[in-house]
Protein chains: 4
Amino acid sequence: MKHSPWNWINPELTELQTTTLLKYKAGEEQLSALFGLKKGFTVTKCCNRNWEKEMAPGKKGILERLNAGEVVIGDGGFVFALEKRGYVKAGPWTPESAVTHPEAVRQLHREFLRAGANVMQTFTFYASDDKLENRGQNLKLTGVQINEAACDLAREVANEGDALVAGGVCQTPSYLSCKSETEVKAIFKKQLDVFLKKNVDFLIAEYFEHVEEAEWAVKVLKTSGKPVAACMCIGPDGDMHGISPGECAVRLVKAGAQIVGVNCHFDPMTCVKAVKMMKEGVEKAGLKAHYMVQPLAYHTPDCSCQGFIDLPEFPFGLEPRILTRWDMHKYAREAFNAGIRFIGGCCGFEPYHIRAVAEELATERGCLPAASEKHGNWGAGLEMHTKPWVRARARRDYWETLKPASGRPLCPSLSLPDGWGVTKGHTDLLQQKEATSKDQLKQLFDRTKNQ
Amino acid sequence: MKHSPWNWINPELTELQTTTLLKYKAGEEQLSALFGLKKGFTVTKCCNRNWEKEMAPGKKGILERLNAGEVVIGDGGFVFALEKRGYVKAGPWTPESAVTHPEAVRQLHREFLRAGANVMQTFTFYASDDKLENRGQNLKLTGVQINEAACDLAREVANEGDALVAGGVCQTPSYLSCKSETEVKAIFKKQLDVFLKKNVDFLIAEYFEHVEEAEWAVKVLKTSGKPVAACMCIGPDGDMHGISPGECAVRLVKAGAQIVGVNCHFDPMTCVKAVKMMKEGVEKAGLKAHYMVQPLAYHTPDCSCQGFIDLPEFPFGLEPRILTRWDMHKYAREAFNAGIRFIGGCCGFEPYHIRAVAEELATERGCLPAASEKHGNWGAGLEMHTKPWVRARARRDYWETLKPASGRPLCPSLSLPDGWGVTKGHTDLLQQKEATSKDQLKQLFDRTKNQ
Amino acid sequence: MKHSPWNWINPELTELQTTTLLKYKAGEEQLSALFGLKKGFTVTKCCNRNWEKEMAPGKKGILERLNAGEVVIGDGGFVFALEKRGYVKAGPWTPESAVTHPEAVRQLHREFLRAGANVMQTFTFYASDDKLENRGQNLKLTGVQINEAACDLAREVANEGDALVAGGVCQTPSYLSCKSETEVKAIFKKQLDVFLKKNVDFLIAEYFEHVEEAEWAVKVLKTSGKPVAACMCIGPDGDMHGISPGECAVRLVKAGAQIVGVNCHFDPMTCVKAVKMMKEGVEKAGLKAHYMVQPLAYHTPDCSCQGFIDLPEFPFGLEPRILTRWDMHKYAREAFNAGIRFIGGCCGFEPYHIRAVAEELATERGCLPAASEKHGNWGAGLEMHTKPWVRARARRDYWETLKPASGRPLCPSLSLPDGWGVTKGHTDLLQQKEATSKDQLKQLFDRTKNQ
Amino acid sequence: MKHSPWNWINPELTELQTTTLLKYKAGEEQLSALFGLKKGFTVTKCCNRNWEKEMAPGKKGILERLNAGEVVIGDGGFVFALEKRGYVKAGPWTPESAVTHPEAVRQLHREFLRAGANVMQTFTFYASDDKLENRGQNLKLTGVQINEAACDLAREVANEGDALVAGGVCQTPSYLSCKSETEVKAIFKKQLDVFLKKNVDFLIAEYFEHVEEAEWAVKVLKTSGKPVAACMCIGPDGDMHGISPGECAVRLVKAGAQIVGVNCHFDPMTCVKAVKMMKEGVEKAGLKAHYMVQPLAYHTPDCSCQGFIDLPEFPFGLEPRILTRWDMHKYAREAFNAGIRFIGGCCGFEPYHIRAVAEELATERGCLPAASEKHGNWGAGLEMHTKPWVRARARRDYWETLKPASGRPLCPSLSLPDGWGVTKGHTDLLQQKEATSKDQLKQLFDRTKNQ
């Protein structure tokens, strides 16, 4: 099989089909011109490294890439994307569809790969046993089953392109319910055992509201000898106990994380700002680290310290806040300029958002993602539109300056966040195994209405 | 294989896996209670009719269903959904990925089926040969290849559930360029030949801006003997030559369409309004028809007669206009109350939008869609959320009255539409085979800037 | 006393003071240049006609002016302006301060005169005896007292410049309570008697929601032999019984009005649209009339047929809707282009709004208003601002294209109007003399909350 | 003449007229009930102290009042209010109409008095000679003439009620142009000489962007022996050289100011926040002071450190930002709760805004303002409205929770501020006597467009 620059578009295609496809492609040269890439650059550079089922000797690890100054593009968030596709339930947010609907999870992995992602995170968010049982959820699948299935899917797709597999853990209901360090660490250990069995390429501890729990996670993951990245889900105001981004980062680096950053909870610009503060903290402390950011694809200028969870629109009314692809160009540039080299996304990111990040950084990365075959640079595809006034939108300055309307004149532009000003340690946040009862719900409804 | 109500969730699962799954389900009873369905109703009623690879004798045709007063749920739009996933190029909007990336098209079909759709439209939008060559597009795949691949995919997934396959044609660049009736009809005939070979269940002529072209299409499709549905992409102001929705509908019924309606170009409420006008026109003329509506999933209160194409945000800045699932509940109810029984979606619809339509009409249809296993009624899944103030959002009145903020305080809520006030017959709209040249583009840019 | 073009700035000034003043003026020439007026034009043309206490022979009547094609500028609304200054009570909206606080009423007249108004409307809105007693209002001043005081004030200020006095009547609670034609006409007659005694220059019947009542008013006023103008407070949807603007206008002209138009209830563009429809109706009927418009200074794109009364913001939350002076330029031009020659304002108009109308039409009128000595053309005064980036705003294209922000990100841009869909003839609208009781209020509050 | 609580409504009225008026008043008792004032309270307490032309022995000074814990209500801003009325020119913003149009200035004083103001600030903003000559302004009136006329008007109206006269100075173009301390102080001294000659009750140094210049002003005013108040026009970010509100306040108190605070440039909540920071600074330094606040009546959440000057809407497009009276209730309460006792307004404040402040604090002050005779508490006047659905708005919770729409769907809710990041000391800010030339303007326009 000839490893053309295009056959990763769809590895199932025969060589004949690939050749057919190539005939109608714009061709490398034309594509390069379209995107204004520098001479000598090819679109294939980062894409055709290997096709083996296992990580080949030629596939560089995460730290090798970052140490070499490469830009590493992350994938987008799975729970929100799969909720919209019908495979994740909002509320528990657990990833059992890795077992029950592997074709849906595999397809989403593929779309992110095609969009330019270099990292396939295992779909193991909230896949700890304590979470799988939280609040009356009655999953009969074990955490081990789900984690294993998720690792297999991530590996399968990672091997279709130049991507690494990252095993992921996140905050636990046990910590929120004030369980001991030993108990919480045991939960992380259980997931780590699967990741090691499945031989993931590196590890990510992410979505932590409290740095203490993140440190515990890092320490557990660190025992594996694999590279460890750690992300808080905080903004510039710091963690839920008010610990600043800078201090959080220092503590995570000291705990053993080689890569630190933030994910989720805030929009791109806010997250980049928080990571900048982390970087300043780490540098001020005389330490070294790589930096990553995987923000929301929702505009959240009105969030308080706990992020988009507290917005009244969370999670079923966030549509008007979704970022456009052009917002993503600004985000990618801002993150790059801040010295962040692991740049991905979290909740709300669809494949086209990741593609926009990859297109903005095409020159820096020396390649375009496969999915750019279906995307003109800065709207160039509109040159083929039927209506001339739409063809007139085929230019960068049009999209760069557009202020998109909401079409919702009865809605405000910002909201006041909810939230009761409590965090771990408060009885309001103790978790229970049984379902929330009607009486408990009534109390919640009344409490909210009176605010 | 036991035909449980749940095994269509994923037909690839073994019976054992299905049983496992069933154990963690809420169960029919609980689900029915959750959705407030009337007694005696079961969630399986519409779902487990047959599992054959060909349309079984027991699968009712589109007219049988509509004649029986059933609600038929359509799918959502493919070109926009697949553009975001990386498989369709905005501008030409052609469906060649039916050939090149069948797994992506198949997955989207499956998600709509799972969300409750009873119709799988073949992914053949703009799959006519004249469109495949328009404005320098250099596809080497023929229309026949694409149409055939699309039929196969639709049939494959339709047979996984209770869905029919509808072969679809739409308006052509030839008509816009003032080609003759014979020439335009020949284009439709070529697609019809594929549909007949692949034995689709019925036919849809959709997305017509001019009723004359729609009539031509209906007349061609009518020769097949299969049921024909016809949709204009117009609003209450009528077609591009000012012909009212009522008159358009009468002409389409007279041309042979058994089902008439509108699709695309406007938001749900506007489309329902236009279909109401169609219904009034048809009834006033003493004719009979069934009615369908497949609107955008974008709020477009600021559109002029040509719909969302003319909005400055089309097509890359429409995010803030995306409807929430709760908007879809209102749409489904409004459409049903207007006497429309074929209710689906077009551009912007994601699977969860179709699921919301199916959930709103669960009582009328006597069943819930498979994807509702992952969705609490009116936010009920939030009862399992970690934070108590988010659990307090697990209620209908919360989501029904929410006015979601855009998070974009620098953006307006409405836009002024573009558009040059021209339509078919004007030289501005003549299409060309070769790509738009730089000079032509410059003229367009300048013309727009001066407006 | 020398009648310089400037001494009407303040007729109380001595000649010496005037001379002093003149020295620091920009001077006619400079002012003309500033406003780009054509050569030969002088700023004094329309301003120094007479200074007598009575209407001099040289002061042309309203019909003479309109017949000659002149633009006549009206004043702004008094009840809203004086409510903000502390002299009118929102709710009853009655003009007793003409008696109790003449200095405040006089000053407002003067400001409108200075801003360019050619008409001083007597401050007699809702000054009919039935209104003065409505709903428990306990005024001991008689309608005659108020009407007389108002006439004196209007005359006093009119004589300080080139303005006419217009005696005004408006709709009555009696009509709303289904009193007889005789009774309602008697109310108008009582006000007319004062206007005749005080020898106003012409008469205006304005603010009628029902054309029938407006006809009755015109017929009463017509008996005086003075010119009669008649304004409905309607939009393009017509009066409260659905009678179209065209038909309303025809009926008013047939009743004897020489000038017809609309005032209040809608924003400028909507009002101009309604007057255009009146003009078309009158011309279609083969009749002749002059046209006037005195709209709100509030943006009301979201109004239903009853206008801004039904907006949730009426009357104490309308601030974000206030028109800028630049909006007024567009209004004045639109009204002029529509063939309307009597152009003024109603509720919300402040003196600077009228000045903007006068400045937009300076070339057509051949003069600038006195208040333009304190206003650079299209922001030219900013050339003298301290900060250079503010000086950069001293240009027309800046202000003409500015989309002013509300500074209210938690507020929507449009509202849903209230209103119970009832009008004259419905018991909900019967008026009572006694104050609304607490029980009655409670019923209203509950009824509204349940909607 | 009987000093009834009401005759200051209009001191020109005869006793008979006053009696007549009183008959239609609601009466003290009813008014008290309406506003829910505590028993024993009378509406007359603060209003009938004296009617003499000079400050009577019984009229308490500003410090006596504040030391006694009384709430002192300031007036609103004159330059913006009179700009709208046609007597001040935006750009130079100078107060020459104190000489040329005394009746307009007097009337505005009266309206603020009637609205509840206890302080009449002399209309002497920018009345220093260097400002009167700035940028080609060609006033032939001297600073002394204007300052004297302004003092006379303030005194005349102050003596009609319970108000004090405050002589005011503000920042100078000389300071901005880097003149010496001696030169700048000489400018303040010249205005002070007039204030002493006219025997004002106390002095206010206000609208300073740089604390150094404010200190100079305080030191000059302090030589008079009169009480001195000092206001910066800064927000929480401090002065233009980044000196914090707390440090500014300490320096002003040390320079001799007995009252410190902020005025202008920011909306009420921002200003209150800045004054709180001043208070904290002063208390931390072990010093003592009274506090005042006179904010804008415009919402400015989007301002940067230089305040509303830098908003693109300044000064001719600020309408959508105007505060409602209900916003003022919240402001007054917030300021009171922050320990501020001198509470007034600046640009944008109209008399009804000051009335709202006085009504919110009616219980604390023990009296209602005269203008409340024309204002129902929290919309109570609407009980008399013709339409029942408008009567339903006669209640506090309606207005308190209303989110008023802008009626401007094409406009954003927030703006990005202008500003070149320069302040005193930068050549961009050097002032010149001659008018800005066309060439200079062109440079400014181009510079702005390129940003």
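Under an unreviewed UniProt entry, the name given to chain A is Betaine--homocysteine S-methyltransferase 1-like, and the source organism is Labrus bergylta. Note on chain A: under the UniProt heading Pathway (unreviewed entry), the record states "Amino-acid biosynthesis; L-methionine biosynthesis via de novo pathway; L-methionine from L-homocysteine (BhmT route): step 1/1." UniProt, in the comment section headed Cofactor (unreviewed entry), describes chain A in these words: "Zn(2+)".

Taken together, the contacts link 114 residues of chain C with 114 residues of chain D. Taken as a group, C:Phe316, C:Met384 and C:Trp389 account for 8% of the area that chain C buries against chain D, more than any other trio of residues on that side. Here chain C is connected to chain D by 12 salt bridges. Residues C:Arg393 and D:Asp418 are paired through a salt bridge, measuring 2.9 Å at the closest nitrogen-oxygen approach. For the interface between chain C and chain D, the tally reads 54 residue pairs in polar contact (both at pLDDT 80 or more). The element that contributes the greatest number of residues to the side of chain C that touches chain D is helix 6 (residues 102-114) of chain C, accounting for seven residues. Of the residues contributing to the side of chain C that touches chain D, the split by class is 52 nonpolar, 28 polar and 34 charged.

Our next topic: the packing of aromatic side chains. All names here are of chain D. By the definition in use, this model includes 88 aromatic pairs over all chains. For the pair tyrosine 175 and tryptophan 216, a centre-to-centre distance of 5.4 Å together with 80° between the ring planes defines the contact as edge-to-face. Residue tyrosine 175 is found in helix 9 (residues 173-176), and its partner tryptophan 216 is found in helix 11 (residues 211-222); the two are separated by 41 residues along the sequence. There is no split in this pair, since tyrosine 175 and tryptophan 216 are both buried. Where tyrosine 331 meets phenylalanine 349, the ring centres are 6.3 Å apart and the plane angle is 70°; that geometry is what we call edge-to-face. Taken together, the residues tyrosine 331 in helix 14 (residues 325-337) and phenylalanine 349 in the loop between strand 8 (342-343) and helix 15 (351-360) connect sequence positions 18 residues apart. Exposure class is identical for tyrosine 331 and phenylalanine 349. Each is buried.

Laying chain C over chain D is done by rotating through 180° and shifting 0.0 Å along the axis; what remains is an RMSD of 0.0 Å. Expressed as a symmetry operation, the mapping of one chain copy onto the other fits a two-fold axis. Closest approach to the rotation axis within chain C is made by the C-alpha atom of C:Pro320, at a distance of 1.9 Å. A share of 100% of interface residues in chain C that are also interface residues in chain D marks the association as one of identical surfaces.

The next thing to look at is the pattern of salt bridges. Applying the stated criterion to the full structure yields 125 salt bridges over all chains. As a salt-bridge pair, A:Asp129 and A:Lys190 come within 2.4 Å of each other at their nearest N and O atoms. Remark: A:Lys190 occurs in helix 10 (residues 181-197) and A:Asp129 occurs in helix 7 (residues 129-132); sequence separation between them is 61 residues. Taking the relative accessible area as the measure of exposure, A:Lys190 reaches 46% and is therefore partly exposed. Salt bridges sharing partners connect three or more residues here, namely A:Glu83, B:Arg325 and B:Arg355.

A few words now on the packing of helix 8 (residues 143-158) of chain B against helix 10 (residues 181-197) of chain B. Helix-helix packing is characterised by the crossing angle of the two axes and by the distance between the axes. All names here are of chain B. Closest axis-to-axis distance for the helix 8/helix 10 pair is 9 Å, and the angle between their directions is 35°. In the packing of helix 8 onto helix 10, the handedness of the crossing is right-handed. Note on element contacts: helix 10 touches helix 8 through Gln191, Val194, Phe195 and Lys197, opposite Val144, Asn147, Glu148 and Cys151. Its residues assigned to classes, the contact of helix 8 with helix 10 comprises four nonpolar, two polar and two charged.

This next bit is on the state of the cysteines. Residues and elements named next belong to chain B. One pass over the structure, following the stated rule, counts zero disulfides over all chains. For cysteine 264, which is in no disulfide, the shortest distance to another cysteine sulfur is to cysteine 347 and amounts to 3.8 Å. Judged by its relative accessible area of 3%, cysteine 264 falls in the buried class.

Next up on the list: the pairing of strand 3 (residues 164-170) of chain A. Residue and element names in this part refer to chain A. The buried fraction of strand 3 amounts to seven of the seven residues, a majority that puts the element mostly inside the structure. Of the two faces of strand 3, the one lined by Leu164, Ala166, Gly168 and Cys170 and the one lined by Val165, Gly167 and Val169 are each fully buried. Two elements, strand 2 (residues 119-121) and strand 3, share three bridges in a ladder whose sense is parallel. Note that in strand 3 the partner of glutamine 121 across the bridge is alanine 166. Relative to strand 4 (residues 202-208), strand 3 runs parallel, the two being bridged by five bridges. Opposite valine 169, over in strand 4, you have alanine 205 as the bridge partner.

This part takes up the UniProt feature "binding site: Zn(2+)" (unreviewed entry) in chain A. Residue and element names in this part refer to chain A. The residues that UniProt annotates with the feature "binding site: Zn(2+)" (unreviewed entry) are Cys264, Cys346 and Cys347. For this annotated set, covering 84 residues, all C-alpha atoms fall within 6.4 Å of each other, a compact arrangement in space. Following the sequence through the fold, cysteine 346 ends up in the loop between strand 8 (342-343) and helix 15 (351-360). The exposure class of cysteine 346 is buried, given its relative accessible area of 10%. Relative to the helices and strands, cysteine 347 resides in the loop between strand 8 and helix 15.

Attention now moves to the interface of chain A and chain C. Listed per partner, the contact involves eight residues of chain A and eight residues of chain C. When the two sides are added together, the surface that chain A and chain C hide from each other amounts to roughly 610 Å², 69% of it contributed by carbon and sulfur. Broken down residue by residue, the surface that chain A buries against chain C is led by A:Pro409, A:Leu410 and A:Leu414, which jointly contribute 64%. For the pair chain A and chain C, the interface holds zero salt bridges.

This paragraph deals with the UniProt feature "domain: Hcy-binding" (unreviewed entry) in chain A. The UniProt entry lists residues 60-361 of chain A under the feature "domain: Hcy-binding" (unreviewed entry), expressed in the numbering used here. With 45% helix and 12% strand, residues 60-361 of chain A has its two end C-alpha atoms placed 19 Å apart.

As a further point, take the sheet that holds strand 1 (residues 72-73) of chain B. Residue and element names in this part refer to chain B. Read across the sheet, eight strands follow the order 1-8-7-6-5-4-3-2 without closing on themselves; strand pairing throughout is parallel. Single-partner strands in this sheet number two, and they are strand 1 and strand 2 (119-121). Against the sheet, helix 11 (residues 211-222) contacts strand 3 (164-170), strand 4 (202-208) and strand 5 (228-232), and its axis sits at roughly 170° relative to strand 4.

Rules used throughout
- Residues numbered from 1 in each chain as written.
- Chains lettered and ligands numbered in written order.
- Predicted model: local features only at pLDDT ≥ 70, side-chain atom pairs only at ≥ 80, totals over all residues.
- Heavy atoms only, no water.
- UniProt positions renumbered as here; feature names shortened; annotations may be inferred.
- Contact = heavy atoms within 4.5 Å.
- Buried area = accessible area lost by both parts, 1.4 Å probe.
- Salt bridge = Lys/Arg side-chain N within 4 Å of Asp/Glu carboxyl O.
- Polar contact = N/O pair within 3.5 Å; in protein donor to acceptor, adjacent residues only side chain to side chain.
- Helix = DSSP H or I, 4+ residues; strand = E, 2+ residues; numbered from the N terminus.
- Nonpolar A, V, L, I, M, F, W, Y, C, P; charged D, E, K, R; others polar.
- Phe/Tyr/Trp six-rings, centres within 6.5 Å; stacked < 30°, edge-to-face > 60°.
- Buried < 20%, exposed > 50% of the residue type's maximum accessible area, 1.4 Å probe, protein only.
- Least-squares fit on C-alpha atoms with pLDDT ≥ 70 in both.
- Axes fitted to C-alpha atoms, helices over the stretch in contact; angles between N-to-C directions.
- Left-handed = near helix turned anticlockwise from the far one by under 90°.
- Disulfide = S-S within 2.5 Å.
- Pairing = 2+ DSSP bridges.

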